[in-house]
Amino acid sequence: MSQGGAKGISIQGVGKAYVSRGAERRALERVDLEIGAGEFVAFVGPSGCGKSTLMNMIAGLLPIAEGRIVHDGRAVQGVNRRVGYMTQADAVLPWRTVRQNVELPLRLHKLADPAGRATAMLAQVGLDGFANAYPAELSGGMRKRVALAQLLAYEPGTLLMDEPFGALDAQLKLVMQEQLLKIWAERGQTVVFVTHDLAEAVTLAQRVVVFSGRPGRVKAIETIELPSPRDPFRTRFDPAFEAVYTRLWEALAPEIRREAAA
Amino acid sequence: MSGIADEAAVVAGGRTRAVVALEQAARAHRVWVLVLRVLVGVGFVALWYYASGRWVDTLLISRPDMVAQRLWKWTLDGTLWDNLSITLWATVLGFGIGCTVGFALGLLFGRFTTLAEVFDPYITAIYSIPKIALAPLFIIWFGIGIESKVAVSAAIVFFVIFLNTYSGVREVNPLFVNSVRIMGGGEGAVLRHVIVPSAAAWVITGLKVSVPYALVGTVIGEFMSSNRGIGYLISQATGLFNTTSVYAGIIVLAVVGALINTGLQRLEGWVLRWRG
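Residues numbered from 1 in each chain as written. Chains lettered and ligands numbered in written order. Predicted model: local features only at pLDDT ≥ 70, side-chain atom pairs only at ≥ 80, totals over all residues.

1. Description of the overall build of chain B
Broken down by element type, chain B carries 12 helices and zero strands. Listing the helices and strands of chain B from first to last along the sequence gives α-α-α-α-α-α-α-α-α-α-α-α. For chain B, the spread of C-alpha atoms along the principal axes amounts to about 75 × 60 × 30 Å. Looking at the 276 residues of chain B, the share that counts as buried comes to 33%. Of all intrachain contacts in chain B linking residues separated by at least 6 positions in sequence, the fraction that spans at least 24 positions is 75%. (Helix = DSSP H or I, 4+ residues; strand = E, 2+ residues; numbered from the N terminus. Buried ≥ 20, exposed ≤ 12 C-beta atoms within 10 Å, placed from the backbone. Contact = placed C-beta atoms within 7 Å.)

2. Regarding the interface of chain B and chain A
Across the boundary between the two partners, chain B contributes 22 residues, which contact 27 residues of chain A. For the side of chain B that touches chain A, the elements supplying multiple residues, two or more each, are helix H1 (2-11), helix H9 (174-182) and helix H10 (187-224) of chain B. Take the side of chain B that touches chain A: its biggest share by element is six residues, from H9(B). Of the residues assigned to the side of chain B that touches chain A, the class counts are 12 nonpolar, seven polar and three charged. (Nonpolar A, V, L, I, M, F, W, Y, C, P; charged D, E, K, R; others polar.)

3. Remarks on the packing of helix H2 (residues 98-108) of chain A against helix H3 (residues 114-124) of chain A
All names here are of chain A. Remark: H2 packs on H3, axes separated minimally by 9 Å, with the N-to-C direction vectors making an angle of 125°. Our classification of the angle between H2 and H3 gives oblique. For H2 against H3, the interelement crossing comes out right-handed. In this structure, H2 uses Val98, Arg99, Val102, Glu103, Leu106 and Arg107 to contact H3, whose residues at the interface are Pro114, Ala115, Arg117, Ala118, Met121 and Leu122. Looking at the contact of H2 with H3 residue by residue, the classes come out as eight nonpolar, no polar and four charged. (Axes fitted to C-alpha atoms, helices over the stretch in contact; angles between N-to-C directions. Parallel < 35°, antiparallel > 145°, perpendicular 65-115°, else oblique. Left-handed = near helix turned anticlockwise from the far one by under 90°.)

4. Quick look at the pairing of strand E2 (residues 23-35) of chain A
Residue and element names in this part refer to chain A. Pairing of strand E1 (residues 9-20) with E2, which is carried by nine bridges, proceeds in the antiparallel orientation. Among the inter-strand pairings, alanine 17 is bridged to a residue of E2, identified as arginine 26. Linking E1 back to E2 in an antiparallel pair, the connection comprises two residues, with arginine 21 at a positive phi of about 50°. (Pairing = 2+ DSSP bridges.)

5. Quick notes on the environment of B:Val196
Position of B:Val196 among the secondary structure elements: in helix H10. With 127 residues separating them in the primary sequence, B:Val196 and B:Gln69 have C-alpha atoms 48 Å apart.

6. Considerations on the sheet that holds strand E8 (residues 190-194) of chain A
Residue and element names in this part refer to chain A. With mixed pairing, the six strands of this open sheet are ordered in space as E6-E7-E8-E3-E9-E10. Looking at the sheet topology across the chains shown, the edges are occupied by strand E6 (83-87) and strand E10 (218-223). Geometrically, the sheet is characterised by an average inter-axis angle of 15° between neighbouring strands, direction not taken into account. With five bridges joining them, strand E7 (residues 158-162) and E8 adopt parallel strand pairing. Opposite leucine 159, over in E8, you have valine 191 as the bridge partner.

7. A word on helix H5 (residues 170-187) of chain A
Structural remark: α-helix, 3.6 residues per turn; residues separated by three or four positions point the same way. Residues and elements named next belong to chain A. Compared with an ideal rise of 1.5 Å per residue, which puts 18 residues at 26 Å, H5 spans 26 Å between its outermost C-alpha atoms and is within 8% of the ideal. Within the span of H5, buried status applies to Leu172, Lys173, Val175, Met176, Gln177, Leu180, Leu181 and Trp184. Count one or two residues on from H5 and you reach glycine 188, which has phi positive near 60°. (Expected span 1.5 Å × (residues − 1).)

8. Here we look at the confidence of the model for chain B
Residue and element names in this part refer to chain B. Of the residues in chain B, 95% reach a pLDDT of 70 or more, and the chain-wide mean stands at 88. Taken element by element, the predicted model of chain B shows its lowest mean pLDDT in H1 (45) and its highest in helix H4 (residues 64-77) (95). Long-range and interchain partners of residues 1-10, a stretch whose pLDDT sits below 50, account for 11 contacts in this model, where long-range means more than four residues apart. In the model output, the complex is listed with pTM 0.79 alongside ipTM 0.86. (pLDDT = per-residue confidence, 0-100.)

9. Looking at the sheet that holds E1(A)
The four strands are arranged E2-E1-E4-E5 (chain A) in an open sheet whose pairing can be described as antiparallel. The open sheet has two edge strands, E2 and strand E5 (74-75) of chain A, and neither has a second partner.

10. Looking at the environment of B:Phe119
Residues and elements named next belong to chain B. Looking at where phenylalanine 119 falls in the secondary structure, it is placed in helix H6 (residues 113-128). Looking at phenylalanine 119, the number of C-beta atoms within 10 Å reads 13, which means it is partly exposed. Taking the C-alpha atoms as reference, phenylalanine 119 lies 37 Å from alanine 254; in sequence the two are 135 residues apart.

11. Digging into the pairing of E1(A)
Examined bridge by bridge, E1(A) and strand E4 (residues 66-71) of chain A share five bridges and lie antiparallel to one another. When the bridges of E4(A) are listed, A:Ile9 appears paired with A:His71.

12. Thoughts on the nonpolar core
Of all hydrophobic cores here, the largest spans 127 residues; its most connected members are A:Ala42, A:Ile58, A:Ala149, A:Val192, A:Val208 and B:Val157. A per-element tally of this core places helix H8 (residues 146-170) of chain B first, with 14 residues. Sequence-distant contacts of A:Ile58, that is, excluding residues within four places in its chain, are made with A:Ile9, A:Ile69, A:His71, A:Val76, A:Asn80, A:Val83, A:Leu160 and A:Val192. (Core = buried A, V, L, I, M, F, W, Y, C linked by C-beta atoms within 7 Å.)

13. Here we look at unusual backbone geometry
Residues and elements named next belong to chain A. Omega for the bond connecting arginine 214 with proline 215 falls within 30 degrees of zero, at -10°, which places this linkage in the cis form. By the secondary structure assignment, proline 215 is in the loop between strand E9 (207-211) and E10. Positive phi values are uncommon outside glycine, yet aspartate 113 reaches one of about 50°. Looking at the element boundaries, aspartate 113 is found in the loop between H2 and H3. Look at aspartate 113 and you get exposed, because 10 C-beta atoms sit within 10 Å. Unlike most non-glycine residues, glutamate 155 shows phi in positive territory, near 55°.

Structure (structure tokens):
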């Protein structure tokens, strides 16, 4: 059973402050954003601009104290079980084999035929031969593919990806991007993708949102008018890529400089 | 996707000559270590045999052949099993009770930090008491039968397992917890799929440390007052200056302890097999 089609996300006046050592720090300032069902949106911005904070709020891992987030027609409150979440750090459980990891969400959601689905999913990410290996026996790139298989296996309509490929080398990153785009083209999930890498954002997303430095707010939004389906190995040589990349970079660069100076 | 093919070659290569050579070297090393081990054991017994009556009075250190004869006699007349069974039973019961209660409370305190904060000074205080000091009290409470020995070893094991489980639960990576929650897991799933397996490494270490303690607790209880058990045998023999029986008893305890530890090492290897 699929969790149903892709669902939109509406972020309404969301802000966030952290209190530490007797001082309050604003991490996020009044963010308003509409993400359509089935849309692929990327967040870019300097480190500490609150993009991961926003992701954690959509996932329901952080309480939303200011404003509200409506996902799939319901205000997010507590852990949001209608999303799939993938972070830069390895969240694959080290004490479960590759297959057991992929089957876990299927069993938690009580979906039919977890073994069959896991087999199919592992084949899709090219890990058929490693179903019974433990994560410690795999390379970093293979562990990422396990995480991807786990994320996609139970077919959440919305994917939250927080620098998922940040730890991979440049070549492997392209391979993973290609795989992600292929799967998105097939299933049309709503994707929110946080990255430091502007080229990655432009390659993947339909819309790129640039955040300002601390406290983070939406500085610019750019619709990426590149033809689909895109090929991460080639898209970057498209003249249109160049133009939109430059426009976004002009919005982003001063923020990075400001954040580095602060 | 050439990257995948390269990785596959690394992980799933065939049995080349290098693999065979490496395995042979490892086997040769194991055989060599085994031979040396046996030599050390034989050498020690030979030295003991030679020294007894020559360098040291036989009354003090007995002699290996006398100890072996005593063990044989005990085996034949049932003394060994009569006493060993009661010691083992007390150890196993104490170990089981201490582990169960320690593990359960460790999980509870690890999950509810306020509880841990409130009880922290008391736990530290009780932990600092040498548990052996409680043995006389347990004998008053539970009598000289097996119950008081079970209580001593349970008290010792409880603390080791409790503190290890607690630390293990506190060390759980919140990333795993959040990940399982988002995937649809409730508290029960988080406990089963994240907390317990993650804390297992700590708990196993606790088990390995506490098995000898459980044995110590039982034997000390038996020393103090009892009418059966290996500890009773040893203390009786000591009173009669019968060092041969004392050594025989000690050897039985050493063998039992080593066997239990080997079993636990197997268990550890199996539970933590995921640690590449």
